[in-house]
Amino acid sequence: MKRAEIEKRTEELVLDIIRGTDIELWDVEYVKEGSEFYLRVYIDKPGGITIDDCVEVNRALNPKLDEEDYIEEAYILEVSSPGLTRKLKKDRDFEKSIGKLVHIKLYKAESGSKEFVGRLVSFSDDEIVIRSDGAEDDAEIKLNRSNVSSARLEFEDE
């Protein structure tokens, strides 16, 4: 089974587990690091996720993964918070992050730089628009979304 299929099937299992709770699924990753495979499930909720939330989802997910048995390789299951500097991958991630400080890295330089930090103003299939903190109101930076290598929230001391 391909990585994307494993992630999609795992998402379905997790969504079934957390249905009816205030926990939301942020992301699922199936990656190989060194000689180990990791199935990582990132969950969140208003006010933040606790270790007990992670344990509860892990304990509910583990037997379902064993029962379904769709992952051929041995792997390590991790359930955790996406963290303060969480990755933004999907449209829903960007939608939830409008107005927040983001760090964008590009494959190829635009406007003389490959990294930008600013408030997320908007996004579409084609571009991401940010405004640098302290910049004039109309000083927006438009970045080609196909050129974005990574996007994540930037830590803000509140």
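Keep in mind the model is a prediction, meaning the values are calculated, not measured.

K.L.:
Sorry, what's going on with the overall build of the chain here?
P.N.:
Scanning the chain for helices and strands turns up 3 helices and 8 strands. Here the chain holds 158 residues, and the buried ones make up 37% of them. Across the chain, contacts joining residues at least 24 apart in sequence account for 53% of those joining residues at least 6 apart. Within the structure as shown, the chain displays about 9,500 Å² of accessible surface, and the carbon and sulfur contribution to it stands at 46%. Here the chain contributes 25 positive and 39 negative side-chain charges, whose respective centroids are spaced 2 Å apart.

K.L.:
Looking at this model, I keep getting lost on the sheet that holds strand β8 (residues 148-153). Mind explaining?
P.N.:
The pairing of strands in a sheet comes from backbone hydrogen bonds and takes either a parallel or an antiparallel form. An order of β7-β6-β5-β4-β8 is seen for the 5 strands of this open sheet, with the pairing classed as antiparallel. If you trace the sheet from one side to the other, it starts and ends with β7 (140-144) and β8, each paired once. Adjacent strand axes in the sheet meet at a mean angle of 45°, parallel and antiparallel pairs treated alike. Bridge count for strand β4 (residues 101-110) against strand β5 (residues 113-123) is 6 bridges, and the pairing is antiparallel. Counted as the bridge partner of H103 is V117 from β5.

K.L.:
What am I meant to see in the nonpolar core here?
P.N.:
Most often, soluble globular proteins keep nonpolar side chains buried together rather than apart. Core analysis: the largest hydrophobic core is formed by 22 residues, its most contacted members being L39, V41, I43 and L61. Breaking this core down by element, the ones donating at least two residues are α1 (3-18), β1 (24-33), β2 (36-44), α2 (51-68) and β3 (76-80). Sort the elements by how many residues they give to this core and α1 lands first, with 5 residues. Contacts of V41, omitting those with residues within four sequence positions, involve T10, V14, L25, D27, V28, L61, L77, E78, V79 and S80. The next biggest cluster of nonpolar side chains, apart from the first, holds 16 residues, and it includes W26, F116, I130 and L153.

K.L.:
Before we go on, may I ask you to explain the pairing of β1 in this structure?
P.N.:
Consecutive side chains along a regular strand alternate between the two faces of the sheet. Across 9 bridges, β1 lies against β2 in antiparallel orientation. Residue pairing across strands places E24 opposite D44, the latter belonging to β2.

K.L.:
Looking at this structure, how should I read the confidence of the model for the chain?
P.N.:
Caution is warranted with low-pLDDT regions, since their predicted coordinates should not be read in detail. Per-residue pLDDT for the chain has a mean of 92; in total, 96% of the residues score no lower than 70. For the chain, per-element mean pLDDT is lowest for helix α3 (residues 91-96), which scores 90, and highest for β3, which scores 97.

K.L.:
Honestly, α1 in this entry has me stumped. Any pointers?
P.N.:
Since the α-helix turns once every 3.6 residues, residues separated by three or four places project in the same direction. The terminal C-alpha atoms of α1, which comprises 16 residues, lie 22 Å apart, in line with the 22 Å expected from a rise of 1.5 Å per residue. Restricting attention to buried positions, one finds in α1 the residues I6, E7, T10, L13, V14, I17 and I18. Looking straight down α1, one finds its buried side chains confined to an arc of 125°; they lie on one side. Summarising the contacts, the buried residues of α1 are in contact with β1, β2 and α2.

What counts, and where the lines are drawn
Residues numbered from 1 in each chain as written. Predicted model: local features only at pLDDT ≥ 70, side-chain atom pairs only at ≥ 80, totals over all residues. Heavy atoms only, no water. Helix = DSSP H or I, 4+ residues; strand = E, 2+ residues; numbered from the N terminus. Buried < 20%, exposed > 50% of the residue type's maximum accessible area, 1.4 Å probe, protein only. Contact = heavy atoms within 4.5 Å. Areas by Shrake-Rupley, 256 points an atom, 1.4 Å probe, with all protein chains shown as cover. Lys, Arg positive; Asp, Glu negative; His and termini not counted. Charge placed at Lys NZ, Arg CZ, Asp CG, Glu CD. Pairing = 2+ DSSP bridges. Axes fitted to C-alpha atoms, helices over the stretch in contact; angles between N-to-C directions. Core = buried A, V, L, I, M, F, W, Y, C linked by side-chain atoms within 4.5 Å. pLDDT = per-residue confidence, 0-100. Expected span 1.5 Å × (residues − 1). Arc of directions from axis to C-beta.

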